Amino acid sequence: RAAEAQGASLLWHKIVCRQPPDTASRDARPSYSHVLCLRQDARAPRHPGPDVLAAAGPKTWSRGMGVAACQLACDYLRVETTTRCVVDPFCGQGSVLAVASGMGFDVVGVDINARRCQATRSFLERTRIALAALEDGARLFDQGAFFEAHEAWEAHWRETSDGDERRGFQGLIQVAAGFHKL
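Residues numbered from 1 in each chain as written. Predicted model: local features only at pLDDT ≥ 70, side-chain atom pairs only at ≥ 80, totals over all residues. Heavy atoms only, no water.

J.: So what's going on with the packing of aromatic side chains? Which residues, and what values?
T.: Inspection of every chain in the model, using the stated rule, returns 5 aromatic pairs. Put simply, the rings of Phe141, Phe146, Trp153 and Phe179 touch in pairs and so form one group of aromatic residues. A cation over a ring is seen here: Lys14 above Trp12, with NZ or CZ 5.1 Å from the ring centre. For Arg166, the ring lying beneath its charged end belongs to Trp157, and the centroid distance is 4.3 Å. (Phe/Tyr/Trp six-rings, centres within 6.5 Å; stacked < 30°, edge-to-face > 60°. Lys NZ or Arg CZ within 6 Å of the ring centre and 35° of its normal.)

Below you can see the structure in the form of structure tokens.
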């Protein structure tokens, strides 16, 4: 209703499965969520994408949006609009902001909970550092400097405590070491 009052129309509506079909949740919450796209000029998107995402992707917290859902929204902005700033008025712990920042958007997040805002700032800084390390290593790897790429990725691998991030960087390190030995 607020969007309609401002002259915005629903451009598209996506359903994001938060759990596999037929999975019962412990707290009787729905196992899906909605992503809505509203615009003041209701022109159809050139690349509409799927209506249902089978999985939300990894989440920074239990009620987070999920990386796949964030990427869907940010891909729309990148392909269909000239927008270069993403504003998340209920940023929680920053999933949307991290994905948007990683895709090159300027980001602004707001939340009523000051602890969540601080957690978001911390998360965005860790994400920025990880992306910089990833890009540095990728640039070196693409130049054929496999040992140097290994060293760039290993420096970040030693510093991070996130298990998934460590495994991802460890895989890159092993590939670079393999190419170096080859």
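After that view, the rundown keeps rolling.
J.: Describe helix α6 (residues 163-181), with residues and values.
T.: Over its 19 residues, α6 extends 27 Å from the first C-alpha to the last, a length consistent with the 27 Å expected when each residue adds 1.5 Å. Along α6, the residues that are buried comprise Phe169, Ile173 and Ala176. One side of α6 holds all its buried residues, which, seen down the axis, span an arc of 65°. Looking at α6, the residues exposed on the side facing more than 90 degrees away from the buried face are Asp164, Arg167, Gln174 and Lys181. In this structure, the buried residues of α6 make contact with α4 (114-142) and α5 (146-159). (Helix = DSSP H or I, 4+ residues; strand = E, 2+ residues; numbered from the N terminus. Expected span 1.5 Å × (residues − 1). Buried < 20%, exposed > 50% of the residue type's maximum accessible area, 1.4 Å probe, protein only. Arc of directions from axis to C-beta. Contact = heavy atoms within 4.5 Å.)

J.: Quick one: what's the story with the packing of helix α3 (residues 95-102) against α4, residue by residue and with numbers?
T.: Packed helices, taken two at a time, are described by the angle between their axes plus the distance between the axes. Here α3 crosses α4 at 30°, and the two axes come no closer than 10 Å. Classed by the angle they form, the pair α3 and α4 counts as roughly parallel. For the pair α3 and α4, the crossing hand works out as right-handed. Between α3, through Ser95, Leu97, Ala98 and Gly102, and α4, the contact on the second element is made entirely by Thr120, Phe123, Leu124, Thr127 and Leu131. (Axes fitted to C-alpha atoms, helices over the stretch in contact; angles between N-to-C directions. Parallel < 35°, antiparallel > 145°, perpendicular 65-115°, else oblique. Left-handed = near helix turned anticlockwise from the far one by under 90°.)

J.: Now, about helix α2 (residues 67-80): what can you tell me, with residues and values included?
T.: For an α-helix the count is 3.6 residues per turn, leaving residues at separations of three or four pointing the same way. Helix length check: α2, at 14 residues, gives a terminal C-alpha distance of 20 Å against a target of 20 Å (1.5 Å per residue), a fit within 8%. Restricting attention to buried positions, one finds in α2 the residues Ala69, Cys70, Leu72, Cys74, Tyr76 and Glu80. The inward-facing, buried residues of α2 abut β1 (9-17), β2 (32-39), β3 (52-53) and α3.

J.: Lay out the sheet that holds β1 in plain terms, naming residues and giving numbers.
T.: Strands sit in the order β2-β1-β3 across an open sheet of 3 strands; the sheet is mixed. Of all strands in the sheet, those with a lone pairing partner are β2 and β3, marking the two edges. Relative to β3, β1 is paired through 2 bridges, and the arrangement is parallel. Opposite Ile15, over in β3, you have Val52 as the bridge partner. Across the sheet, α2 is in contact with β1, β2 and β3; its angle to β1 comes to roughly 150°. (Pairing = 2+ DSSP bridges.)

J.: Outline the pairing of strand β5 (residues 106-109), listing residues and values.
T.: A regular strand places its side chains so that they alternate between the two faces of the sheet. Judged from the 4 bridges that link them, strand β4 (residues 85-88) and β5 form a sheet pairing that is parallel. Bridge assignment links Cys85 to a residue of β5, and that residue is Asp106. Taking the sense of rotation as the criterion, the β-α-β connection linking β4, α3 and β5 turns out right-handed. (Right-handed = clockwise from strand over helix to strand, strands pointing away.)

J.: Requested: an account of the nonpolar core, with residues and values cited.
T.: Residues Leu11, Trp12, Val16, Val35, Cys37, Leu53, Ala56, Ala69, Leu72 and Tyr76 constitute the largest nonpolar core, which totals 10 residues. Looking at this core, the elements that each hand over two or more residues are β1, β2 and α2. Core analysis: the second largest hydrophobic core is formed by 8 residues, Ala145, Phe169, Ile173 and Ala176 among them. (Core = buried A, V, L, I, M, F, W, Y, C linked by side-chain atoms within 4.5 Å.)

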